[in-house]
Amino acid sequence: MILVWFLIFQHRLIITMKTFKPVFVLVFSVLVTFFSCRKDDVGTGTGNTASTGLNKSLMIQLVNEQRQKGCNCGSVYYHPTTTVVWNDQLESAAVAHAADMFKNNYFSHTGSDNSTPGDRIRNAGYNWVAYGENIAKGYTTEQAVMAAWIQSEEHCINIMNPTFTEFGAAKAGSYWVQEFGAR
């Protein structure tokens, strides 16, 4: 079993230690990783990994399964909602940000060029009316990073937001990015 070290997410909204529950997230994520890790689940496995460093079909499946069953994001229950579809422009924005964080060894929603998620998404050609970005570092599988995002209130809200109709994601090294959008 691979021991995964987890980092606390940085987010535009302030996350207090009380709402993050780091011990629960660590235990839950290790269990998910241990019981669900298969060779094709990691970024170098099969399934459309050429440009994103992750398994696209698995990421789509995990996001839409969560949206279809609903969940609590913090203390607020989000009802099941519509599925999102993969968008290559959002994927391009995610690839660029994951690669930038990996190359420049930083972890932030602000790019090394001071770009915001909205800037990067628009620069990729996606004319959004709404967007959301999830980032993470240190996870080895799509299941582990999704489990951690669901345990983080603000990241969970992005996943469950019924306004979003499209998304793209990428992984570079141990850096993960999801970009959600609506136009």
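Residues numbered from 1 in each chain as written. Predicted model: local features only at pLDDT ≥ 70, side-chain atom pairs only at ≥ 80, totals over all residues. Heavy atoms only, no water.

1. Here we look at the packing of aromatic side chains
Rule in force here: Ring geometry is summarised as follows: Phe, Tyr and Trp rings, the Trp one being its six-membered ring, pair when their centres sit within 6.5 Å, and such pairs are stacked at plane angles under 30 degrees, edge-to-face over 60 and tilted between the two. To qualify as a helix, a DSSP run of H or I must reach at least 4 residues; to qualify as a strand, a run of E must reach at least 2; elements of each kind are numbered from the N terminus. Whether a residue is buried, partly exposed or exposed follows from its accessible area with a 1.4 Å probe, protein chains only, as a fraction of its type maximum: under 20%, in between, or over 50%, in that order.
In the structure shown here, the tally under the stated rule is five aromatic pairs. Arranged with centres 6.3 Å apart and planes meeting at 70°, the rings of F102 and Y175 form a pair that is edge-to-face. Pair noted here: F102 is in helix α4 (residues 88-104) and Y175 is in strand β6 (residues 175-182), with a separation of 73 residues, a long-range link. Exposure remark for F102: the relative accessible area of 47% places this residue in the partly exposed category. Given the relative accessible area of 3%, Y175 is considered buried. Each ring, one from F164 and one from F180, has its centre 5.8 Å from the other, and the planes form 25°; the classification is stacked.

2. Remarks on the sheet that holds strand β3 (residues 85-86)
For clarity, the threshold we go by: Two strands are counted as paired when DSSP detects at least two bridges linking them. Residues count as neighbours in contact if any of their non-hydrogen atoms are within 4.5 Å of one another. Convention adopted: a line fitted to C-alpha atoms gives each axis, helices being fitted over their contacting stretch, and angles between N-to-C directions are expressed from 0 to 180 degrees.
Pairing is mixed across the open sheet formed by four strands, whose spatial order is β3-β5-β6-β4. The open sheet has two free edges, formed respectively by β3 and β4 (130-137), since each of these has just one partner strand. Of the strand pairs in this sheet, β4 and β6 are connected by eight bridges, and their pairing is antiparallel. Considered in β6, the bridge of K137 is made with Y175. Sheet strands in contact with helix α7 (residues 153-160) are β4 and β6, and its direction is about 130° off that of β4.

3. Focus: the state of the cysteines
As a reminder, the rule being used: The definition used for a disulfide is geometric: two cysteine sulfur atoms within 2.5 Å.
Taken as a whole and judged by the stated rule, the model has one disulfide. Covalent S-S linkage joins C73 and C156, the inter-sulfur distance amounting to 2.0 Å. Looking down the S-S bond of the C73 and C156 bridge, the torsion is -65°, so its handedness is left-handed. Of this pair, C73 sits in strand β1 (residues 71-73) while C156 sits in helix α7, and the two are 83 residues apart along the sequence. Residue C73 is classed as buried on the basis of its relative accessible area, which comes to 0%. When its relative accessible area of 0% is taken as the criterion, C156 is described as buried. Take C71: it sits in no disulfide, and the sulfur closest to it among the cysteines is that of C156, at 3.6 Å.

4. Comments concerning the nonpolar core
Threshold: Among buried residues, the Ala, Val, Leu, Ile, Met, Phe, Trp, Tyr and Cys ones that are joined through side-chain atoms within 4.5 Å form a nonpolar core.
M59, V63, W149, I159, F167 and W176 are the most contacted members of the largest nonpolar core, which totals 27 residues. Of all the elements in the fold, those that place two or more residues in this core are α3 (56-69), β1, β4, α6 (142-151), α7, β5 (166-172) and β6. A total of six residues in this core trace back to one element, the largest contributor, which is α6.

5. With respect to the pattern of salt bridges
Applicable threshold: When a carboxyl oxygen of Asp or Glu lies within 4 Å of a side-chain nitrogen of Lys or Arg, that pair is called a salt bridge.
Here the structure, examined in full by the defined rule, presents three salt bridges. E91 is the salt-bridge partner of K56, the closest N and O atoms lying 3.4 Å from each other. Linking K56 in helix α3 with E91 in helix α4, this pair joins segments that are 35 residues apart in sequence. Judged by its relative accessible area of 17%, K56 is buried. For E91, a relative accessible area of 6% gives the class buried. When the shortest N-O distance is used, the salt bridge between R183 and E166 registers 3.2 Å. Of this pair, R183 sits in the segment after β6 while E166 sits in strand β5, and the two are 17 residues apart along the sequence.

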